[in-house]
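Below are the chains, spelled out letter by letter.
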Amino acid sequence: AVGSLVGQLCKRKGAKVVGIAGSPAKCTYLKSELGYDCVINYKTQDVAKELAAFAPDGISGYFDNVGGDVTDAVLLNARNNCKIAICGSISEYDNKEWAGQKKWNMILMRRISIKGFIGFDHMDEMAEAKAELAMLASEGKIRYSEDIREGLETYPATVRLLMSGHNTGKLILKI
């Protein structure tokens, strides 16, 4: 859900946006509903090859909430001085041993700037951001999807759903 919002905000600023998702339904949503320029299914497509085909001059920016092989594919296709914001690495959360990035050397070779992004670091801007996003949503300029599950007893199944990526949109547990 965060990535789909970031992509829409980037589109509003004129960027060409690539969405990377793990199901045909999510890919269709990103392309048809949100207007992404390119969509890649990381489970059925070679992400590095698809990125190279779509952006032969390289990727100039990347919002990373996945990590792992997808991020390695982006690092391989990064343009010099690419900027990367990292807000998560869900591909690693369930692993017993954190594998990390294999293409770390590309950060040096392409002079990539990487910054961790945690929402709590921006609490002083939260009210303004919420107001702006609410306005954009009410005007139909951004869209969002929610997957709402109910009841505390569904907590284990809801967490498994989050980690498996089988939900669409912001996964919410209503208690």
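First, a word on scope: everything that follows refers to the structure included in this document. Quantities reported herein were computed from a predicted structural model and do not represent experimental measurements.

## As for the side chain of asparagine 77
Structurally, asparagine 77 can be placed in the loop between α4 (68-76) and β4 (78-86). Residue contacts for asparagine 77: discarding those within four places in its chain leaves Ala48, Leu51, Ala52, Gly58, Ile59 and Arg110.

## Regarding the pairing of β4
Sheet analysis places strand β3 (residues 59-64) next to β4, joined by five bridges and oriented parallel. What sits directly across from tyrosine 62, in β4, is isoleucine 84. As for the winding sense of the linkage, the β-α-β connection from β3 through α4 to β4 is right-handed. Sheet topology note: the β4/strand β5 (residues 113-116) ladder contains four bridges and is parallel. Bridge pairing links isoleucine 84 to isoleucine 114 in β5.

## Regarding the nonpolar core
Core analysis: the biggest nonpolar cluster contains 17 residues, and Leu51, Leu75, Ile84 and Ile112 have the highest contact counts within it. Elements that contribute at least two residues to this core include exactly β2 (38-41), α3 (47-54), β3, α4, β4 and α6 (105-109). Residue contributions to this core peak at four residues, all from α4. Discounting residues that sit within four places of it in the chain, isoleucine 112 has contacts with Leu75, Ala78, Cys82, Ile84, Met106 and Ile107. Core analysis: the second largest hydrophobic core is formed by eight residues, Ala21, Cys27, Tyr29 and Val39 among them.

## Regarding the environment of glutamine 8
You can see glutamine 8 is positioned in helix α1 (residues 2-12). With near-sequence residues (within four places) excluded, glutamine 8 lies in contact with Leu34, Tyr36, Ile142 and Arg143.

## A word on the side chain of aspartate 64
Summarising the element assignment, aspartate 64 is placed in strand β3. The side chain of aspartate 64 is buried and forms no salt bridge, while lysine 102, the nearest opposite charge, is found at 14 Å. There is a polar contact of 2.9 Å between the side chain of aspartate 64 and the backbone nitrogen of valine 66. Discounting chain neighbours no more than four positions away, the residues touching aspartate 64 are Thr71, Ile84, Ala85, Ile86, Cys87 and Gly88.

## Points about the sheet that holds β3
Strand order in this open sheet of three strands is β3-β4-β5, and the pairing throughout is parallel. The two strands at the open ends of the sheet, each matched to only one other strand, are β3 and β5. Averaged over all pairs of adjacent strands, the angle between their axes in this sheet comes to 10°, without regard to strand direction.

## What about the environment of arginine 79?
The topology assignment puts arginine 79 in strand β4. Sequence spacing of arginine 79 and aspartate 57 is 22 residues, and the spatial spacing of their C-alpha atoms is 6.7 Å. Other than its neighbours up to four places away in sequence, arginine 79 contacts Asp57, Gly58, Ile59, Ser60 and Arg110. Of the polar contacts made by the side chain of arginine 79, one reaches the backbone oxygen of aspartate 57; its length is 3.3 Å.

Rules and cut-offs
Per chain, residue numbering runs from 1 following the sequence as it is written. Selection of residues for local features in this predicted model requires a pLDDT of at least 70, selection of side-chain atom pairs for listing and counting requires 80 or more, and totals for whole chains, interfaces and linings are taken over all residues. No hydrogens and no water enter the side-chain calculation; it runs on all heavy atoms of the structure. Runs of H or I in DSSP of at least four residues are treated as helices and runs of E of at least two as strands, each being numbered from the N terminus. Any pair of residues with heavy atoms lying within 4.5 Å of one another is described as a contacting pair. We treat two strands as partners when DSSP finds at least two bridges between them. Seen with the strands pointing away from the viewer, any crossover whose path from the first strand over the helix to the second strand runs clockwise is right-handed. The criterion is simple. A nonpolar core is a set of buried Ala, Val, Leu, Ile, Met, Phe, Trp, Tyr and Cys residues joined through side-chain atoms within 4.5 Å. Burial status follows relative accessibility: with a 1.4 Å probe on protein chains alone, a residue under 20% of its type maximum counts as buried, one over 50% as exposed, and anything between as partly exposed. His is not counted, nor are the chain ends, whereas Lys and Arg count as positive and Asp and Glu as negative. Salt bridges are counted wherever a side-chain nitrogen of Lys or Arg sits within 4 Å of a carboxyl oxygen of Asp or Glu. What qualifies as a polar contact is a pair of N or O atoms within 3.5 Å, subject to a donor-acceptor requirement within protein and to the restriction that residues adjacent in sequence count only when both atoms come from side chains. An axis is simply a line fitted to the C-alpha atoms; with a helix, the fit covers only the stretch in contact. Between two such axes, the angle follows the N-to-C directions and lies from 0 to 180 degrees.

This is a description of form; function is not addressed.
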